[in-house]
Structure formats: C-alpha cells, structure tokens
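Architecture at a glance
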Amino acid sequence: MLWKAAIVAAGLCVFAQERVEQVGCACDPAKPETMKMRPCSLCAEAEKHSSEKLFYLKDNNPRKPNRWLVLPSKHMAGNHPLHELSPGERAGLWKAAIAKGRELFGDGWGVAYNGPQVRTQCHAHIHIGKFVTVAELPGFQVVSRPEDIPAPTSTGVWVHPVNGKLHVHSGEQIAETVLVR
Ligand SMILES: [Zn+2]
Ligand SMILES: [Zn+2]
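Bear in mind the structure is a predicted one, so any value in this text is a computation, not a measurement. (Residues numbered from 1 in each chain as written. Chains lettered and ligands numbered in written order. Predicted model: local features only at pLDDT ≥ 70, side-chain atom pairs only at ≥ 80, totals over all residues.)

**Brief notes about the overall build of the chain**
If you tally the helices and strands in the chain, you get four helices and seven strands. Secondary structure elements of the chain, listed N to C terminal, follow the sequence α-α-α-β-β-α-β-β-β-β-β. Taking 2.2 N^0.38 as the reference for a compact globule, 181 residues should give roughly 16 Å; the C-alpha atoms of the chain span a radius of gyration of 17 Å, in line with that estimate. By its C-alpha atoms, the chain is 50 × 45 × 30 Å across when sized along the principal axes. Counting across all 181 residues of the chain, residues that qualify as buried make up 30%. Considering only residue pairs separated by 6 or more positions, the chain has 61% of its internal contacts joining residues 24 or more positions apart. (Helix = DSSP H or I, 4+ residues; strand = E, 2+ residues; numbered from the N terminus. Rg over C-alpha atoms; globule rule 2.2 N^0.38 Å. Buried ≥ 20, exposed ≤ 12 C-beta atoms within 10 Å, placed from the backbone. Contact = placed C-beta atoms within 7 Å.)

**A closer look at the sheet that holds strand β1 (residues 54–58)**
Spatially, the seven strands line up as an open sheet ordered β1-β2-β4-β3-β6-β7-β5, and their pairing is antiparallel. Whereas interior strands pair on both sides, the edge strands pair on one side only; in this sheet they are β1 and β5 (141–143). Ignoring strand direction, the axes of neighbouring strands in this sheet form an average angle of 25°. The pairing of β5 with strand β7 (residues 165–170) spans three bridges and is classified as antiparallel. Across the sheet, residue Q141 finds its bridge partner in β7, namely V168. (Pairing = 2+ DSSP bridges. Axes fitted to C-alpha atoms, helices over the stretch in contact; angles between N-to-C directions.)

**With respect to the nonpolar core**
Membership of the largest hydrophobic core comes to 34 residues, with the highest contact counts inside it found for V70, A97, V111, A112, I126, I128 and W158. At the level of elements, α3 (41–47), β2 (68–72), α4 (87–105), β3 (109–113), β4 (126–130) and β6 (157–162) are the ones that each hand at least two residues to this core. When residues in this core are grouped by element, the largest group, five residues, is from α4. Discounting chain neighbours no more than four positions away, the residues touching A112 are I126, H127, G156, W158, A175, E176, V178 and L179. (Core = buried A, V, L, I, M, F, W, Y, C linked by C-beta atoms within 7 Å.)

**Examining α4**
End to end, α4 covers 26 Å across 19 residues, agreeing with the expected 27 Å (1.5 Å per residue, within 8%). Listed in full, the buried residues belonging to α4 are R90, L93, W94, A96, A97, I98 and G101. Next to the buried residues of α4 lie β1, β2, β3 and β4. After α4 finishes, the residue G106 shows a positive phi value of roughly 60°. (Expected span 1.5 Å × (residues − 1).)

**Considering the environment of F131**
For F131, the position within the fold is in the loop between β4 and β5. Among residues more than four places away in sequence, those in contact with F131 are G108, W109, G110, H160, V178 and L179.

**Observations concerning unusual backbone geometry**
Unlike most non-glycine residues, H80 shows phi in positive territory, near 45°. With respect to the secondary-structure elements, H80 resides in the loop between β2 and α4. Despite not being glycine, N163 shows a phi value in the positive range, around 50°. Here N163 is to be found in the loop between β6 and β7. Residue classification places N163 among the exposed positions, given that 7 C-beta atoms sit within 10 Å.

**A look at the pairing of β7**
Two elements, β6 and β7, share six bridges in a ladder whose sense is antiparallel. Bridge pairing in β7 links V162 to K165.

Set out below in structure tokens:
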C-alpha cells in the first residue's frame, strides 16, 4: 500500500503549506502558543532577531538548497504585506536582498516576493536566489534603484539585474519560481 502512503504524504504536504489567506495570521509574540503555528514560524524566527532591523535566513526547505530569505525583524498585522512597510524600510529590505544575491550569485541573482494569495508564512520575507534566465517574460518595468521598486498590494514581485538596471516583474502571485531551487 505504498501508493496510499504517498497520497497521504502528499495530502499532509498540501495541508502543511496551506495559504495564510485561508488560515489567517494570528501570530502574536505575547501569546507563545500562537507562535508555534506553522504559518507563524517566521514570526518566531524574527523574535530571535529583535535587536536587528533585518536578518537573513537560509531557506530551511531541503528541496530549496540554494535559497535564502531576508526578513524585517518587526512584526505587522495579518500577513505583514510588504506594501505596509514604510518606503525606507521596504527599500532597505530590497537592498539587503540584492546585496546577498550579488554576494552569492554575482550578476546572476534574482529576488522575489510572493503575492498574498500564495503565501504560506505570515511574516514578511523576500526570497533570494539565482535567477532562472529562461523564466524571463515581457511586461517588465525598468528601474534604477531599489527605492523605485513598486509595492503592489495584490500581487507578487520579482526583480533581476539587466545592464546595470533592475527589471521589475509584477502581476503574478507566484514569484519565487523564477529562482533556482
Ligand atoms: Zn511576524
Ligand atoms: Zn526581466
């Protein structure tokens, strides 16, 4: 009955990755039991870094060995949408993401923020990785500085460098798939 075990395992996996839009975000550092809920695990990590403005984490998913995350240490309400950070805080986060991407992958870096409909973690986070060049799509915006990266309220964003400028792609929910796992 191996196939049955496989189906159960797949089902558990889907359950474990349930989107925060469906389960809500009740993460509250004042209530430690809430921080043990799976969508709150990055909030729990942030608690360990409260003396810093932002921090990096290696993605703990064994299927994404080449990925890193950058996160602000402060919490926000609900699923911590990036557009609710101040422009300065948001630019600081993008800059940190890009700096780490460049350190790891040179000009091959990419950074990505998933849209609210597919996020599985409440705490704000930007994915850092190597850009999959065949993922390139038309419909991008070109900006010069991280300060100019837009903050859409309802979709994800992914950014990669081209000729010294930044390509900004938005309009999709899933953004992190443009990065090598
Ligand atoms: Zn949080
Ligand atoms: Zn592009």
